[in-house]
Amino acid sequence: MAYKFVDKYREQGARKKLVALLRERGISDERVLTAIGKVPRHFFFDETFWNQAYKDIAFPIGDGQTISQPYTVAYQTELLHIQKGNKVLEIGTGCGYQTCVLLELGAKVFTIERQENLFRRTIQVLPKMGYHPQFFLGDGSMGIAEQAPYDKIIVTAGAPLVPEILLKQLKVGGILVIPVGDANEQKMVTVLRISETEFEKIVLDTFRFVPLLGDQAW
Ligand code: SAM
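Residues numbered from 1 in each chain as written. Predicted model: local features only at pLDDT ≥ 70, side-chain atom pairs only at ≥ 80, totals over all residues. Heavy atoms only, no water.

### Focus: the overall build of the protein
Phase 1 of the analysis: Across its full length, the protein carries six helices and nine strands.
Phase 2 of the analysis: The principal-axis extents of the C-alpha atoms in the protein amount to approximately 50 × 35 × 35 Å.
Phase 3 of the analysis: Taken over 218 residues, the protein has a buried fraction of 51%.
Phase 4 of the analysis: Of the contacts formed within the protein by residues at least 6 apart in sequence, a portion of 55% connects residues at least 24 apart.
Phase 5 of the analysis: Counting only carbon and sulfur atoms, one obtains 52% of the accessible surface of the protein, whose full area is about 10,200 Å². (Helix = DSSP H or I, 4+ residues; strand = E, 2+ residues; numbered from the N terminus. Buried < 20%, exposed > 50% of the residue type's maximum accessible area, 1.4 Å probe, protein only. Contact = heavy atoms within 4.5 Å. Areas by Shrake-Rupley, 256 points an atom, 1.4 Å probe, with all protein chains shown as cover.)

Spelled out as structure tokens, the structure:
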């Protein structure tokens, strides 16, 4: 894919419209909307498809994967309540769009992808855009124990259950956001770690993600 990193008025205008649409659809955290408004989503697309980049849709990005729908990215990000300097583990880097939104909010992001082609592509593209998370290649269903604990953990693929191993890697006061369900649909679940032994789980809206594959997943 031929990437071109040019952000012209047309794309900037389309991005503003996308932010307005997300606000209409119920995203209310202005910090999240500002972050979405800063990330040039068309940089993840071949120039031929730039007219698709600011529609509120998921889109195929090669290697059988998709860039997430902006609404989904905004929804999960809002649930994380990111504070500047938060240490965030993202499971399922994909093309890195969600990663950029987290970085715009001032998070320190550790992101892991299991598909090597996608990983290789994303570690090239993000630094060219000026985004610098810490990249990892491997099975994120296990978390990344060496870098734990995290203030926040976000899973961007659908899991059959909440992996216990991820809860252990959360700080007390930390939040995990993960879609949980079967192959057809998942409920967004947030888990707040209240103490060393107590967790509060909330089940929210229905989404459809690609499956979380790996030792603690499908
Ligand atoms: N966050 C991306 C974005 O902003 O567009 C989209 C992520 S895509 C919906 C889900 C990603 O999770 C895919 O790239 C997939 O390869 C990855 N994935 C699935 N299982 C995984 C695992 N066990 N560890 C790491 N990544 C995984």
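### Considering helix H4 (residues 97–104)
Phase 1 of the analysis: In terms of burial, H4 is a largely internal element, seven of the eight residues being buried.
Phase 2 of the analysis: Every buried residue of H4 is accounted for by Tyr97, Gln98, Thr99, Cys100, Val101, Leu102 and Leu103.
Phase 3 of the analysis: Looking one or two residues past H4, Gly106 carries a phi angle of roughly 90 degrees, positive in sign.

### A look at the site of the ligand
Phase 1 of the analysis: If you check the shell around the ligand, you find 25 residues, and the closest are Ser68, Gln98, Glu113, Gly140 and Leu213.
Phase 2 of the analysis: Residue Gln98 places a main-chain N or O atom 2.8 Å away from an oxygen atom belonging to the ligand.
Phase 3 of the analysis: In the model, a nitrogen atom of the ligand is placed 2.9 Å from a nitrogen or oxygen of the Asp139 side chain.
Phase 4 of the analysis: One can see that the ligand is located within the largest pocket.
Phase 5 of the analysis: Elements that contribute at least two residues to the shell around the ligand include exactly strand E2 (65–67), H4 and strand E4 (108–113).
Phase 6 of the analysis: When residues in the shell around the ligand are grouped by element, the largest group, three residues, is from E2.
Phase 7 of the analysis: The residue inventory of the shell around the ligand, partitioned by class, reads 10 nonpolar, 11 polar and four charged. (Near = heavy atom within 4 Å. Polar contact = N/O pair within 3.5 Å; in protein donor to acceptor, adjacent residues only side chain to side chain. 1 Å grid on protein atoms, 1.4 Å probe; cavity = no way out; pocket = protein on both sides within 12 Å on 5 of 7 lines; lining within 4 Å. Sits in = over half its atoms within 2 Å of the grid points. Nonpolar A, V, L, I, M, F, W, Y, C, P; charged D, E, K, R; others polar.)

### Examining the nonpolar core
Phase 1 of the analysis: If you look at the biggest cluster of nonpolar residues, it comprises 45 residues, and the most contacted ones within it are Ile36, Phe44 and Tyr97.
Phase 2 of the analysis: Listing elements by their share of this core, those giving two or more residues are helix H1 (9–24), helix H2 (30–38), strand E1 (59–62), helix H3 (70–80), H4, helix H5 (116–129) and strand E7 (170–181).
Phase 3 of the analysis: Membership of the second largest hydrophobic core comes to 22 residues, among which are Phe110, Ile144, Val162 and Leu166. (Core = buried A, V, L, I, M, F, W, Y, C linked by side-chain atoms within 4.5 Å.)

### Details of the side chain of Thr77
Phase 1 of the analysis: Position of Thr77 relative to the elements: it lies in helix H3.
Phase 2 of the analysis: Note on Thr77: relative accessible area 1%, which makes it buried.
Phase 3 of the analysis: Beyond its immediate chain neighbours, meaning those up to four positions away, Thr77 contacts Val32, Gln98, Val101, Leu102 and Leu105.

### Details of empty space enclosed by the protein
Phase 1 of the analysis: Taken as a whole, this structure holds one cavity of 30 Å³ or more when the rule is applied.
Phase 2 of the analysis: Approximately 30 Å³ is the volume attributed to the largest cavity.
Phase 3 of the analysis: If you go around the largest cavity, the residues you meet are Tyr3, Phe44, Cys95, Arg121, Thr122 and Val125.
Phase 4 of the analysis: Of the residues contributing to the lining of the largest cavity, the split by class is four nonpolar, one polar and one charged. (Points joined across faces, edges and corners; volume = space filled by probe spheres on them.)

### Re the pairing of E1
Phase 1 of the analysis: Direction of pairing for E1 relative to E2: antiparallel, over a ladder of three bridges. Within E2, the residue paired with Phe59 across the bridge is Ile67.
Phase 2 of the analysis: Here E1 folds back onto E2 in antiparallel fashion, the turn holding two residues, of which Asp63 has a positive phi close to 55 degrees. (Pairing = 2+ DSSP bridges.)

### A look at the pattern of salt bridges
Phase 1 of the analysis: Tallied over the entire structure, the rule returns eight salt bridges.
Phase 2 of the analysis: For Glu11, the salt bridge identified is with Arg10, shortest N-O distance 3.3 Å.
Phase 3 of the analysis: Taking the relative accessible area as the measure of exposure, Glu11 reaches 5% and is therefore buried.
Phase 4 of the analysis: In this structure Arg10 comes out as exposed when scored by relative accessible area, which is 64%.
Phase 5 of the analysis: A salt bridge links Arg25 to Asp56; the nearest nitrogen and oxygen atoms lie 2.4 Å apart. Of this pair, Arg25 sits in the loop between H1 and H2 while Asp56 is found in the loop between H2 and E1, placing the two residues 31 residues apart along the sequence.
Phase 6 of the analysis: Taking the relative accessible area as the measure of exposure, Asp56 reaches 9% and is therefore buried. (Salt bridge = Lys/Arg side-chain N within 4 Å of Asp/Glu carboxyl O.)

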